[in-house]
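Working through the structure, step by step
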Amino acid sequence: MGALDPEVAPWARGGAAGMAGAGAGAGARGGAAAGVEARARDPPPAHRAHPRHPRPAAQPSARRMDPGSGGLGSGDNAPTTEALFVALGAGVTALSHPLLYVKLLIQVGHEPMPPTIGTNVLGRKVLYLPSFFTYAKYIVQVDGKIGLFRGLSPRLMSNALSTVTRGSMKKVFPPDEIEQVSNKDDMKTSLKKVVKETSYEMMMQCVSRMLAHPLHVISMRCMVQFVGREAKYSGVLSSIGKIFKEEGLLGFFVGLIPHLLGDVVFLWGCNLLAHFINAYLVDDSVSDTPGGLGNDQNPGSQFSQALAIRSYTKFVMGIAVSMLTYPFLLVGDLMAVNNCGLQAGLPPYSPVFKSWIHCWKYLSVQGQLFRGSSLLFRRVSSGSCFALE
């Protein structure tokens, strides 16, 4: 799911919200998995307008931090900056990998430890499944500490490929300069800007997702081998050969459609909701200077609170929309490992799905569309085989 992690992407999927048991795991894919992934804000304007006529900040968007964005990735320093982003993404991916690993095992339904009896806020006895930390300790007991990083290599390669792809696309298709517009005075122009920017981000995300998805599939299959203790997928090259021989080219893109749909819904939902909230509910005239007035002699001293409010709006919308799009992440990951010769993708863990829609319907009937979204407080569902005596 990190900010530079396409698996949890968009940026908020499967990250902090997932750890807090927020219901849909904010990135996942991606994101989280977030969470685990933050997006860069547009650079501030070179100068500030007169305090009596402040220029509103640009609409926040769910854009991911890219080596080709802004001034950091331009000019002679572009190769160095791109390498820096790749290295930074690799570090975040490695640190967050145990979180994604445990989440994936929960998603496929692997529960090796029995639930424990606890109480809810009303004092009633309920069954709780092991949390992330308990699950991680179990993996260490079985495979050692290095076992927490099973499947990391293809995931690092996937993230690096995604980052390089997005940076290269920005060089080939540079974004047009968009003038900052007023959120209240010119709603039509402001909305056009958000639509244009989101369309550009959607193109970048979809292309990078498609190119990196084969490595994502390999990473998922390497991790779920923990369930049946298999060793079918060991290295990247050997895994590529096995998938091509058994499933053909389409085998590298199983689960791609729900991931793409989740990315598209997330980007449009997050950007449009943030735009309308900021346009209709945030007052640009509010400032944090005494009495809400600026300083005519020093216009630069006035800092509108609207900018800070918009930043929080963007963050909250990212978490909220990622909760709604979590089922796309879950279905995509399950399809990546379904019927691939591993125990985790075969009965009794999972039926053999004919399509991702079949998988979605099955999870919906079972009430499991948000399975794995919470990693701390995991209550046993009513349809579980566990029973409270």
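These numbers come from a predicted model, not from an experiment.

1. Quick look at the overall build of the protein
Scanning the protein from terminus to terminus reveals nine helices and three strands. Ordered by position in the sequence, the α and β elements of the protein form the string α-α-β-β-α-α-α-α-α-α-α-β. For the protein, the residues scored as buried account for 49% of the 389 residues in total. Accessible surface computed for the protein: about 18,200 Å², of which carbon and sulfur atoms make up 64%.

2. Brief notes about the nonpolar core
One finds Val-108 and Ile-139 to be the most contacted residues of the largest nonpolar core, which totals 43 residues. Mapped onto this core, the elements with two or more residues apiece are helix H2 (78–107), helix H3 (132–143), helix H5 (187–228), helix H6 (236–247), helix H8 (305–337) and helix H9 (356–366). By residue number, the principal contributor to this core is H5, which donates nine residues. Each residue touching Val-108, except ones within four places of it in the same chain, is listed here: Val-224, Val-227, Leu-334, Val-337, Ala-344, Tyr-349 and Arg-371. Formed by five residues, the second largest nonpolar core is a distinct cluster that contains Phe-266, Ala-274, Met-317 and Val-321.

3. A short note on the sheet that holds strand E2 (residues 125–129)
Across the sheet, three strands lie side by side as E1-E2-E3; this open sheet has antiparallel pairing. The open sheet has two edge strands with one neighbour each: strand E1 (116–119) and strand E3 (378–379). In this sheet, E3 lies alongside E2 in antiparallel orientation, the contact comprising two bridges. Within E3, the position partnered with Leu-129 by the bridge is Arg-378.

4. Things to note about the confidence of the model for the protein
When pLDDT is averaged along the protein, the result is 76; 69% of the residues meet or exceed 70. Note that pLDDT drops below 50 for residues 385–389; the model gives that stretch nine contacts with residues more than four away or on any other chain.

5. Focus: the pattern of salt bridges
Tallied over the entire structure, the rule returns six salt bridges. Glu-246 is the salt-bridge partner of Lys-232, the closest N and O atoms lying 2.8 Å from each other. In this pair, Lys-232 is assigned in the loop between H5 and H6 and Glu-246 in helix H6, connecting sequence segments 14 residues apart. On the accessibility criterion, Lys-232 (19% relative accessible area) is buried. The class for Glu-246 is partly exposed, based on a relative accessible area of 48%. Three or more residues joined by partner-sharing salt bridges are found here, namely Asp-143, Arg-150 and Arg-229.

6. Brief notes about unusual backbone geometry
Negative phi characterises most residues that are not glycine, and trans characterises most peptide bonds. The omega torsion across Pro-347 and Pro-348 is 10 degrees, close enough to zero to call that bond cis. Of note in the backbone geometry, Arg-229 takes a positive phi value of approximately 55 degrees without being a glycine. Checked against the element boundaries, Arg-229 lands in the loop between H5 and H6. For Arg-229, a relative accessible area of 45% gives the class partly exposed. Even without being glycine, Asn-339 reaches a positive phi, approximately 55 degrees.

7. Quick word on the packing of aromatic side chains
Tallying each qualifying case throughout the model produces seven aromatic pairs. Ring geometry for Tyr-138 versus Phe-226: centroids 6.2 Å apart, planes at 85 degrees, classification edge-to-face. Residue Tyr-138 is located in helix H3, and its partner Phe-226 is located in helix H5; the two are separated by 88 residues in the primary sequence. The class for Phe-226 is buried, based on a relative accessible area of 3%. Among the aromatic residues, ring-to-ring pairing joins Tyr-101, Tyr-138 and Phe-226 into one connected group.

8. Brief notes about H3
Between its first and last C-alpha, H3 extends 16 Å over 12 residues, near the 16 Å set by a 1.5 Å rise per residue. Within H3, the full set of buried residues consists of Phe-132, Tyr-135, Ala-136 and Ile-139. Buried positions in H3, seen along its axis, are confined to an arc of 100 degrees and lie on one side of it. Those residues of H3 that are exposed and angled more than 90 degrees off the buried face are Lys-137 and Gln-141. Following H3 by one or two positions, Gly-144 has its phi on the positive side, about 80 degrees.

9. Considering a nonpolar patch on the surface
A cluster of nonpolar side chains, contributed by Val-172, Phe-173 and Met-203, occupies part of the molecular surface with about 280 Å² of accessible area. Residue position: Phe-173 is located in the loop between helix H4 (152–172) and H5.

Procedures and definitions
- Residues numbered from 1 in each chain as written.
- Predicted model: local features only at pLDDT ≥ 70, side-chain atom pairs only at ≥ 80, totals over all residues.
- Heavy atoms only, no water.
- Helix = DSSP H or I, 4+ residues; strand = E, 2+ residues; numbered from the N terminus.
- Buried < 20%, exposed > 50% of the residue type's maximum accessible area, 1.4 Å probe, protein only.
- Areas by Shrake-Rupley, 256 points an atom, 1.4 Å probe, with all protein chains shown as cover.
- Core = buried A, V, L, I, M, F, W, Y, C linked by side-chain atoms within 4.5 Å.
- Contact = heavy atoms within 4.5 Å.
- Pairing = 2+ DSSP bridges.
- pLDDT = per-residue confidence, 0-100.
- Salt bridge = Lys/Arg side-chain N within 4 Å of Asp/Glu carboxyl O.
- Phe/Tyr/Trp six-rings, centres within 6.5 Å; stacked < 30°, edge-to-face > 60°.
- Expected span 1.5 Å × (residues − 1).
- Arc of directions from axis to C-beta.
- Patch = residues over 30% accessible without salt bridge, like charges linked within 9 Å, V, L, I, M, F, W, Y side chains within 5 Å.

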